[in-house]
Amino acid sequence: MTAGTIRAYLVDDEPLALERLTRLLAKHEELTIAGTATDPAEALRFLTGEKAQSIDVLFLDIQMPGMTGFDLLSRLGEQPFVIFTTAYDEYALRAFKVNSIDYLLKPIEPEQLERAVRKLERLRPAAKPVWQQSSDWPQLLHELAASLRGERQEYPRRIASRVGERITFLDLETVTHFQALNKLTYAVTNGRQHSVDQTIADLEQRLDPARFLRIHRAVLVNVDGIQEVNSWFAGKVVVTLKDARHTQLPVARDRVRSLKTRLGF
């Protein structure tokens, strides 16, 4: 790797912290600072502009007034690799929940920075950070940004099912899963299907992500209702539910990782 091949952009609302990071990074010949910002709105304009594609890594403060680091990331399309910087250890876990390359606790020490840059060098050959290929990425950023702002999103507890002129309300805690079949969407409770008006994609956005997880383009499952996960031939993964029928549901390959993370294995 030749000198200056990694182009970095630095965002921190504290000028002194930004100056310190700039000074420390200047000692890394393999890295060039393409720009800095103390205003996250200014950073957003740059990172959504024509020069954004030249940025390899974003050193990003998490807690900033007006727009948190998670808010900023959620508003970007194509995103560079991210190294979070924070003065608060409580945010470290949240940083790792979005699979950043690393996090640096302020005041940043040279050893910390060295570790992060070396890790970046190992991961950078990938065309795109692997976590951003996950369908859960936008929703996760939204949740983390809301949590930093102290917001608590309210999710519905019931859902309406319409049959002709009759509308029945189902308690979501009794719904084992939602499934799309023949251009219709069904909520399944006690093995019975109830037609609902929303698509699987709509339900994924509306319902509590702590309870419902999309495991297939046509399936949204209540994670509390999962009894076991089985790997079949050719890498196929299937979940078995706790219902009386022991319903088996397929897991798409690109959603296996998020399922394992949610279930903790």
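Shown above is the structure to which this text applies.
Residues numbered from 1 in each chain as written. Predicted model: local features only at pLDDT ≥ 70, side-chain atom pairs only at ≥ 80, totals over all residues. Heavy atoms only, no water.

Just checking my understanding: could you explain the sheet that holds strand S10 (residues 192–196) for this structure?
The strands making up a sheet are joined through hydrogen bonds of the backbone, oriented either antiparallel or parallel. If you trace the five strands from one edge of the open sheet to the other, you get S10-S9-S8-S12-S11, paired in antiparallel fashion. What marks the edges here is a single partner per strand, and that holds for S10 and strand S11 (212–216). Mean inter-strand twist for the sheet, computed between neighbouring axes without regard to direction, equals 30°. Two strands pair when backbone bridges link them, and S11 and strand S12 (residues 219–222) are joined in this way by four bridges, in the antiparallel orientation. Bridging across to S12, Arg214 finds its partner in Leu220. (Pairing = 2+ DSSP bridges. Helix = DSSP H or I, 4+ residues; strand = E, 2+ residues; numbered from the N terminus. Axes fitted to C-alpha atoms, helices over the stretch in contact; angles between N-to-C directions.)

What's the story with unusual backbone geometry in this structure? I'm lost.
Among all residues save glycine, negative phi is the norm, and among peptide bonds the norm is trans. Its identity as a non-glycine residue notwithstanding, Lys183 has a phi of 70°, on the positive side. Note that Lys183 resides in the loop between strand S8 (177–181) and strand S9 (184–189). Unusually for a residue other than glycine, His246 sits at a positive phi of about 50°. Structurally, His246 can be placed in the loop between strand S14 (237–241) and strand S15 (248–251).

Mind showing me how you'd approach the pattern of salt bridges here?
Two side chains of opposite charge can pair, provided their charged atoms sit close to one another. Summed over all chains, the structure comprises four salt bridges. When the shortest N-O distance is used, the salt bridge between Arg118 and Glu30 registers 2.2 Å. Here Arg118, found in helix H5 (residues 110–123), pairs with Glu30, found in the loop between helix H1 (15–25) and strand S2 (31–37); they are 88 residues apart in sequence, far enough to count as distant. Residue Arg118 is classed as partly exposed on the basis of its relative accessible area, which comes to 26%. Residue classification places Glu30 among the buried residues on the basis of a relative accessible area of 12%. Counted as one network, the salt bridges with shared partners bring together Glu30, Glu114, Arg118 and Glu121. (Salt bridge = Lys/Arg side-chain N within 4 Å of Asp/Glu carboxyl O. Buried < 20%, exposed > 50% of the residue type's maximum accessible area, 1.4 Å probe, protein only.)

What is the right way to read the sheet that holds strand S3 (residues 57–61) from this model?
In space, the five strands of this open sheet follow the order S2-S1-S3-S4-S5, with parallel pairing throughout. The sheet terminates laterally at S2 and strand S5 (102–105), the two strands that pair on one side only. Neighbour-to-neighbour, the strand axes of this sheet turn through a mean angle of 20°, independent of strand direction. Note: strand S1 (residues 6–11) against S2, six bridges, orientation parallel. The residue bridging Leu10 from the neighbouring strand is Thr36, located in S2. Strands in contact with H1 are S1, S2, S3 and strand S4 (81–86); relative to S2, the strand with the most contacts, it is inclined by about 170°. Along the sheet, H5 makes contact with S1, S3, S4 and S5, crossing S5 at roughly 165°. (Contact = heavy atoms within 4.5 Å.)

Explain H5 to me, please; I cannot follow it from the model alone.
Since the α-helix advances by 3.6 residues per turn, residues separated by three or four positions end up pointing in the same direction. An ideal rise of 1.5 Å per residue puts 20 Å on 14 residues; H5 measures up with 20 Å between its terminal C-alpha atoms. For H5, the complete set of buried residues consists of Gln112, Leu113, Ala116, Val117 and Leu120. The buried residues of H5 occupy an angular sector of 125° when projected down its axis, which confines them to one face. Those residues of H5 that are exposed and angled more than 90 degrees off the buried face are Glu111 and Arg122. Close packing links the buried residues of H5 with S1, H1, S3, S4 and S5. (Expected span 1.5 Å × (residues − 1). Arc of directions from axis to C-beta.)

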